[in-house]
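Close look at the chain arrangement
Next come the chains, spelled out residue by residue.
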Amino acid sequence: MFTKPVLGRTTADAEGDVVVLLIGMRVNRFWAVHQWLPVMLAMFRMLGELARNGDRGLLGHVMLTASPRTYYVVQYWESKEKLYAYAHSPEMFHHRAWATVNRKERAGRMRGHVGLWHEAYVVPEGSYEAIYLDMPAFGLARAHGQVPVERRGRHAEDRFAHRSGRKAAEQAG
(Lines give C-alpha, C1' and ligand atoms only; values in the text may rest on other atoms or scores of the structure.)
Protein backbone atom coordinates (compact mmCIF):
# COMPACT_ATOMS: atom_id res chain seq x y z
CA MET A 1 0.00 0.00 0.00
CA PHE A 2 2.74 2.47 0.88
CA THR A 3 5.55 2.75 -1.63
CA LYS A 4 9.05 3.39 -0.41
CA PRO A 5 10.61 6.33 -2.20
CA VAL A 6 13.29 5.46 -4.71
CA LEU A 7 16.47 7.23 -3.73
CA GLY A 8 18.81 8.72 -6.25
CA ARG A 9 18.40 9.51 -9.89
CA THR A 10 16.33 7.24 -12.09
CA THR A 11 14.83 7.35 -15.55
CA ALA A 12 12.04 5.66 -17.48
CA ASP A 13 12.80 2.29 -19.07
CA ALA A 14 10.73 2.99 -22.20
CA GLU A 15 11.79 1.30 -25.42
CA GLY A 16 10.70 2.47 -28.87
CA ASP A 17 7.95 4.98 -29.51
CA VAL A 18 5.82 6.25 -26.63
CA VAL A 19 2.08 6.90 -27.01
CA VAL A 20 0.66 9.59 -24.72
CA LEU A 21 -2.98 10.65 -24.43
CA LEU A 22 -4.01 13.75 -22.49
CA ILE A 23 -7.75 13.68 -21.86
CA GLY A 24 -9.84 15.90 -19.67
CA MET A 25 -12.74 18.11 -18.87
CA ARG A 26 -13.36 21.70 -17.90
CA VAL A 27 -16.20 22.70 -15.59
CA ASN A 28 -17.73 25.73 -17.29
CA ARG A 29 -20.62 26.17 -14.84
CA PHE A 30 -19.91 25.01 -11.29
CA TRP A 31 -23.61 25.05 -10.38
CA ALA A 32 -24.40 22.51 -13.16
CA VAL A 33 -23.19 19.54 -11.11
CA HIS A 34 -25.75 17.32 -12.85
CA GLN A 35 -23.89 18.02 -16.13
CA TRP A 36 -20.22 17.73 -15.20
CA LEU A 37 -20.31 15.09 -12.45
CA PRO A 38 -21.44 12.32 -14.85
CA VAL A 39 -18.54 13.24 -17.15
CA MET A 40 -16.05 12.94 -14.30
CA LEU A 41 -17.56 9.64 -13.15
CA ALA A 42 -17.43 8.33 -16.74
CA MET A 43 -13.66 8.88 -16.80
CA PHE A 44 -13.26 6.92 -13.57
CA ARG A 45 -15.42 4.16 -15.03
CA MET A 46 -13.30 3.99 -18.20
CA LEU A 47 -10.07 3.85 -16.19
CA GLY A 48 -11.52 1.02 -14.10
CA GLU A 49 -12.59 -0.83 -17.24
CA LEU A 50 -9.09 -0.48 -18.69
CA ALA A 51 -7.49 -1.64 -15.41
CA ARG A 52 -9.62 -4.81 -15.51
CA ASN A 53 -8.71 -5.41 -19.17
CA GLY A 54 -4.91 -5.08 -19.17
CA ASP A 55 -4.65 -6.41 -22.73
CA ARG A 56 -6.40 -3.26 -24.01
CA GLY A 57 -3.05 -1.44 -23.95
CA LEU A 58 -3.20 1.19 -21.21
CA LEU A 59 0.20 0.99 -19.48
CA GLY A 60 -0.37 3.64 -16.84
CA HIS A 61 -1.97 6.96 -16.05
CA VAL A 62 -1.64 10.04 -13.85
CA MET A 63 -4.65 12.09 -12.79
CA LEU A 64 -4.00 15.84 -12.55
CA THR A 65 -5.74 19.15 -12.17
CA ALA A 66 -4.79 22.33 -13.98
CA SER A 67 -7.17 24.56 -12.01
CA PRO A 68 -10.31 24.25 -9.92
CA ARG A 69 -12.15 23.99 -13.25
CA THR A 70 -9.90 21.71 -15.31
CA TYR A 71 -9.16 18.05 -14.63
CA TYR A 72 -7.26 15.67 -16.84
CA VAL A 73 -5.55 12.32 -17.11
CA VAL A 74 -2.18 11.67 -18.72
CA GLN A 75 -2.34 8.16 -20.17
CA TYR A 76 0.51 6.04 -21.51
CA TRP A 77 -0.49 3.48 -24.14
CA GLU A 78 1.21 0.43 -25.61
CA SER A 79 0.47 1.64 -29.17
CA LYS A 80 -1.75 4.03 -31.07
CA GLU A 81 -3.48 1.00 -32.58
CA LYS A 82 -4.55 -0.20 -29.12
CA LEU A 83 -5.68 3.31 -28.20
CA TYR A 84 -7.82 3.45 -31.37
CA ALA A 85 -9.16 -0.06 -30.77
CA TYR A 86 -10.33 0.87 -27.27
CA ALA A 87 -11.89 4.14 -28.43
CA HIS A 88 -13.87 2.42 -31.21
CA SER A 89 -14.78 -0.85 -29.48
CA PRO A 90 -18.59 -1.10 -29.20
CA GLU A 91 -18.38 -3.27 -26.07
CA MET A 92 -16.31 -0.72 -24.13
CA PHE A 93 -17.85 2.14 -22.13
CA HIS A 94 -16.01 4.87 -24.07
CA HIS A 95 -17.99 4.03 -27.19
CA ARG A 96 -21.33 4.37 -25.37
CA ALA A 97 -20.26 7.57 -23.58
CA TRP A 98 -19.30 9.29 -26.84
CA ALA A 99 -22.48 8.06 -28.53
CA THR A 100 -24.42 9.86 -25.79
CA VAL A 101 -22.38 13.06 -26.23
CA ASN A 102 -22.85 12.94 -30.02
CA ARG A 103 -26.63 12.38 -29.67
CA LYS A 104 -26.96 15.33 -27.27
CA GLU A 105 -24.89 17.56 -29.55
CA ARG A 106 -26.96 16.67 -32.65
CA ALA A 107 -30.17 17.32 -30.68
CA GLY A 108 -28.91 20.74 -29.55
CA ARG A 109 -28.87 19.62 -25.91
CA MET A 110 -25.24 20.53 -25.19
CA ARG A 111 -25.47 23.62 -23.02
CA GLY A 112 -21.81 24.45 -22.52
CA HIS A 113 -21.79 23.42 -18.86
CA VAL A 114 -18.79 21.13 -19.30
CA GLY A 115 -15.99 21.11 -21.86
CA LEU A 116 -14.27 17.96 -23.10
CA TRP A 117 -10.88 17.66 -24.74
CA HIS A 118 -8.07 15.29 -25.62
CA GLU A 119 -4.68 15.42 -27.29
CA ALA A 120 -2.82 12.31 -28.48
CA TYR A 121 0.89 12.06 -29.27
CA VAL A 122 3.14 9.36 -30.67
CA VAL A 123 6.60 10.33 -29.50
CA PRO A 124 9.36 8.63 -31.50
CA GLU A 125 12.27 7.02 -29.69
CA GLY A 126 15.01 9.61 -29.37
CA SER A 127 12.48 12.40 -28.87
CA TYR A 128 11.81 11.91 -25.16
CA GLU A 129 13.81 11.62 -21.98
CA ALA A 130 12.98 11.56 -18.30
CA ILE A 131 14.69 11.97 -14.96
CA TYR A 132 13.37 11.42 -11.45
CA LEU A 133 15.19 12.36 -8.25
CA ASP A 134 14.22 10.56 -5.05
CA MET A 135 10.89 9.56 -6.62
CA PRO A 136 9.00 6.31 -6.77
CA ALA A 137 8.01 5.25 -10.28
CA PHE A 138 5.85 8.06 -11.68
CA GLY A 139 4.41 8.96 -15.08
CA LEU A 140 6.42 7.45 -17.93
CA ALA A 141 8.57 5.45 -15.47
CA ARG A 142 5.50 3.96 -13.82
CA ALA A 143 4.08 2.99 -17.22
CA HIS A 144 7.29 1.55 -18.67
CA GLY A 145 9.44 0.73 -15.67
CA GLN A 146 12.18 2.59 -13.85
CA VAL A 147 15.95 2.12 -14.09
CA PRO A 148 18.99 3.87 -12.63
CA VAL A 149 19.80 6.94 -14.70
CA GLU A 150 23.27 5.56 -15.54
CA ARG A 151 21.62 2.92 -17.78
CA ARG A 152 20.41 5.65 -20.12
CA GLY A 153 22.91 8.42 -19.51
CA ARG A 154 23.67 10.95 -16.82
CA HIS A 155 22.77 13.92 -19.05
CA ALA A 156 19.59 14.71 -20.98
CA GLU A 157 21.38 14.57 -24.34
CA ASP A 158 22.62 11.05 -23.50
CA ARG A 159 19.10 9.90 -22.60
CA PHE A 160 17.74 11.42 -25.82
CA ALA A 161 20.43 9.54 -27.74
CA HIS A 162 19.57 6.17 -26.13
CA ARG A 163 18.25 3.59 -28.59
CA SER A 164 16.59 0.29 -27.82
CA GLY A 165 18.22 -2.81 -29.28
CA ARG A 166 15.64 -2.90 -32.08
CA LYS A 167 16.08 0.76 -33.07
CA ALA A 168 19.87 0.51 -32.87
CA ALA A 169 19.80 -2.49 -35.25
CA GLU A 170 17.51 -0.62 -37.66
CA GLN A 171 19.86 2.37 -37.71
CA ALA A 172 22.96 0.21 -38.18
CA GLY A 173 21.39 -1.92 -40.95
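A brief structural summary. (Residues numbered from 1 in each chain as written. Predicted model: local features only at pLDDT ≥ 70, side-chain atom pairs only at ≥ 80, totals over all residues. Heavy atoms only, no water.)

With that settled, the discussion passes to the pairing of strand 2 (residues 18-27). The buried count for strand 2 comes to nine of ten residues, which makes it a mostly enclosed element. Sheet topology places strand 2 next to strand 5 (residues 114-123); ten bridges connect them, and they run antiparallel. Note on strand 5: the bridge partner recorded for Val20 is Tyr121. By the bridge criterion, eight bridges tie strand 2 to strand 4 (residues 70-77) in an arrangement that is antiparallel. Bridge assignment links Arg26 to a residue of strand 4, and that residue is Thr70. (Buried < 20%, exposed > 50% of the residue type's maximum accessible area, 1.4 Å probe, protein only. Helix = DSSP H or I, 4+ residues; strand = E, 2+ residues; numbered from the N terminus. Pairing = 2+ DSSP bridges.)

Before going further, it helps to examine the pattern of salt bridges. Taken as a whole, this structure holds seven salt bridges when the rule is applied. Note that Arg152 is salt-bridged to Glu15, the shortest N-O span being 3.0 Å. Of this pair, Arg152 sits in the loop between strand 7 (146-148) and helix 5 (156-161) while Glu15 sits in the loop between strand 1 (9-12) and strand 2, and the two are 137 residues apart along the sequence. On the basis of relative accessibility, which here comes to 9%, the residue Arg152 falls in the buried class. Residue classification places Glu15 among the partly exposed positions, given a relative accessible area of 40%. For Lys82, the salt bridge is made with Glu78, and the minimal N-O distance between the two is 3.2 Å. For Lys82, a relative accessible area of 27% corresponds to the partly exposed category. (Salt bridge = Lys/Arg side-chain N within 4 Å of Asp/Glu carboxyl O.)

Looking down a regular strand, the side chains alternate between one sheet face and the other. Strand 4 sits mainly inside the fold: six of its eight residues count as buried. Two strands pair when backbone bridges link them, and strand 3 (residues 58-65) and strand 4 are joined in this way by seven bridges, in the antiparallel orientation. Bridging from a neighbouring strand, Thr65 pairs with Tyr71 of strand 4. Taking the residues between adjacent antiparallel strands as the criterion, strand 3 and strand 4 are bridged by four residues.

Bringing the nonpolar core into the picture now. Core analysis: the biggest nonpolar cluster contains 16 residues, and Met46, Trp77 and Tyr86 have the highest contact counts within it. At the level of secondary structure, the elements contributing two or more residues to this core comprise strand 2, helix 1 (33-52), strand 4, helix 2 (80-88) and helix 3 (93-106). When near neighbours in sequence (up to four residues on either side) are disregarded, Tyr86 contacts Met46, Glu49, Leu50, Arg56, Trp77, Met92 and His94. Listed in part, the 14 residues of the second largest apolar core include Val74, Val123, Leu140 and Ala141. (Core = buried A, V, L, I, M, F, W, Y, C linked by side-chain atoms within 4.5 Å. Contact = heavy atoms within 4.5 Å.)

Turning next to the environment of Val74. The residue Val74 is located in strand 4 in this model. With 37 residues separating them in the primary sequence, Val74 and Arg111 have C-alpha atoms 27 Å apart. In this view, Val74 contacts Val20, Leu21, Leu22, Gly60, His61, Val62 and Leu64; residues no more than four positions away in its chain are not counted.

This part is about a positive patch on the surface. A grouping of Arg103, Arg106, Arg109 and Arg111 is seen on the molecular surface, where their side chains present a positively charged patch. As for its position among the elements, Arg106 is in helix 3. (Patch = residues over 30% accessible without salt bridge, like charges linked within 9 Å, V, L, I, M, F, W, Y side chains within 5 Å. Areas by Shrake-Rupley, 256 points an atom, 1.4 Å probe, with all protein chains shown as cover. Lys, Arg positive; Asp, Glu negative; His and termini not counted. Charge placed at Lys NZ, Arg CZ, Asp CG, Glu CD.)

Spatially, 6-1-7 is the arrangement adopted by the three strands of the open sheet, whose pairing is antiparallel. A single partner strand is all that each edge strand has here, and the edge strands are strand 6 (132-133) and strand 7. In this sheet, strand 7 lies alongside strand 1 in antiparallel orientation, the contact comprising three bridges. Residue pairing across strands places Thr10 opposite Pro148, the latter belonging to strand 7.

Attention shifts here to a nonpolar patch on the surface. Among the surface-exposed residues, Val33, Leu37, Leu41, Phe44 and Met63 lie close enough to one another that they form a single nonpolar patch of about 420 Å² accessible area. Top element by residues in the nonpolar patch is helix 1. It accounts for four residues. Position of Leu37 relative to the elements: it lies in helix 1.

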